[in-house]
Amino acid sequence: MFTTVPRSRRIIGLAIALTTVVALGGAAAHAAPSTTSVGAETAGVTVDHRRAVRVDGAVARRLQLTHADLARLPQQTITLTYQSGSGSQTHTYTGPLLLDVLDRAQPRFDAQIKNHKLRHVVTATGSDRYQAAFAWGEIDPDFEGKTVLVAITEDGQPAADGRPRVVVPGDKHGGRYVSSLVSLHLSAPRR
Ligand SMILES: Nc1nc2c(c(=O)[nH]1)N[C@H]1C(S)=C(S)[C@@H](COP(=O)(O)O)O[C@H]1N2
Ligand SMILES: [Mo]
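Residues numbered from 1 in each chain as written. Chains lettered and ligands numbered in written order. Predicted model: local features only at pLDDT ≥ 70, side-chain atom pairs only at ≥ 80, totals over all residues. Heavy atoms only, no water.

## A word on the overall build of the chain
Quick reminder of the rule: In this text, helices come from DSSP runs of H or I with a minimum length of four residues, and strands from runs of E with a minimum of two, each type numbered from the N-terminal end. Burial status follows relative accessibility: with a 1.4 Å probe on protein chains alone, a residue under 20% of its type maximum counts as buried, one over 50% as exposed, and anything between as partly exposed. The contact criterion used throughout is that any non-hydrogen atoms of two residues lie within 4.5 Å. Note on areas: Shrake-Rupley with a 1.4 Å probe; residue coverage comes only from the protein chains shown.
Tallying secondary structure elements over the chain gives four helices and 13 strands in all. Within the chain, buried positions represent 40% of all 191 residues. A separation threshold of at least 6 residues defines the contact pool for the chain, and within that pool the share at least 24 residues apart is 60%. Just so you have it, the chain exposes about 10,400 Å², and 53% of that area is on carbon and sulfur atoms.

## A look at the pattern of salt bridges
Put simply, the test is: Any carboxyl oxygen of Asp or Glu that lies within 4 Å of a side-chain nitrogen of Lys or Arg is treated as forming a salt bridge with it.
Evaluated as defined, the whole model comprises nine salt bridges. Across the pair K117 and D140 runs a salt bridge, and its minimum N-O distance is 2.9 Å. Of this pair, K117 sits in the loop between helix 3 (98-104) and strand 8 (121-126) while D140 sits in the loop between helix 4 (136-139) and strand 10 (149-151), placing them 23 residues apart in sequence. Across the pair, exposure class does not vary: K117 and D140 are buried alike. With its nearest N and O atoms 3.7 Å apart, the salt bridge here joins E144 to K146.

## Details of the packing of aromatic side chains
Aromatic rings considered in pairs are described by the distance between their centres and by the relative angle of their planes. Here is the rule: Only Phe, Tyr and Trp rings are paired, with Trp represented by its six-membered ring, and only when their centres lie within 6.5 Å; those with planes under 30 degrees apart are stacked, over 60 edge-to-face, the remainder tilted.
In total, this model carries three aromatic pairs according to the counting rule given. With 6.2 Å between their ring centres and 70° between their planes, Y93 and Y177 make a pair best called edge-to-face. Taken together, the positions of Y93 in strand 7 (residues 87-95) and Y177 in the loop between strand 12 (165-167) and strand 13 (181-187) put the pair 84 residues apart, joining distant regions of the chain. The burial state of Y93 is the same as that of Y177; both residues are buried.

## Description of the nonpolar core
Buried together is how nonpolar side chains tend to be arranged in soluble globular proteins. To be explicit about the condition: Residues belong to a common nonpolar core when they are buried Ala, Val, Leu, Ile, Met, Phe, Trp, Tyr or Cys residues joined through side-chain atoms within 4.5 Å.
Within the largest apolar cluster, 37 residues are counted, with the highest numbers of intra-cluster contacts made by V55, L70, L98, V101, L102, L181 and L184. A per-element tally of this core places helix 3 first, with four residues. Every residue in contact with V101, bar those within four places of it in the chain, is listed here: V55, L63, L65, L70, L73, P96, V150 and L184.

## Quick word on the site of ligand 1
Selection criterion: Any residue with a non-hydrogen atom lying within 4 Å of a molecule or strand is treated as near it. We call two N or O atoms a polar contact when they sit within 3.5 Å, provided that within protein one can donate a hydrogen and the other can accept it, with sequence-adjacent residues counted only if both atoms are side-chain atoms. Three categories are distinguished: nonpolar for Ala, Val, Leu, Ile, Met, Phe, Trp, Tyr, Cys and Pro, charged for Asp, Glu, Lys and Arg, and polar for the others, with Gly belonging to the last.
Close to ligand 1 lie 13 residues; Y82, D128, R165, Y177 and S179 are nearest. Within the contact set of ligand 1, an oxygen atom lies 2.5 Å away from a side-chain nitrogen or oxygen of Y82. Between ligand 1 and R165, the relevant distance is 2.8 Å, taken from an oxygen atom to a side-chain nitrogen or oxygen of the residue. Bound to the protein, ligand 1 loses 70% of the 540 Å² it would expose on its own. Looking at side-chain class alone, the shell around ligand 1 contains four nonpolar, seven polar and two charged residues.

Structure representation (structure tokens):
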């Protein structure tokens, strides 16, 4: 269901990638991403692994989640209003909880460290390198339990580029509604 990359495979993959780059005299470094596995088609937008969301950082299983993977998780639908440069926006979003997406990657929280989860943050990155962060305590049901979603549709349609968008109930401004989502990175400060 989910594409996980075990550490051993990652090392082998890295070795192959490096060999390829060396063999092609560096030309492969800018090669197009894999075009093999084409995923689901939703409302005319073809979604494939090139548009998968990477989940990495302090997790036991790194994931690459396609639109289809995100659609298979429990869905929530919420209507939200936020302020943007072009005025007030109201849209209905559907997608899995950010919490559920991260849980699938198995966060590496250490039970020996008091409230270790509460020092973690999730950084969402868009394809334009735009970033915004969320504290674990905002989305954890034991704390704020906010229904931050990784939305796969807005007003019933996927985004034109087929990528999800993070949406944040309670935020007045749209600044953390990271669109064209490419990665979710979990991290904690060095101890
Ligand atoms: N990837 C990405 N997402 C982004 C931004 C951006 O520059 N890049 N701008 C943010 C800001 S500042 C706002 S106000 C909203 C604007 O949302 P809209 O595109 O629906 O108007 O998107 C947010 N998400
Ligand atoms: Mo904004």
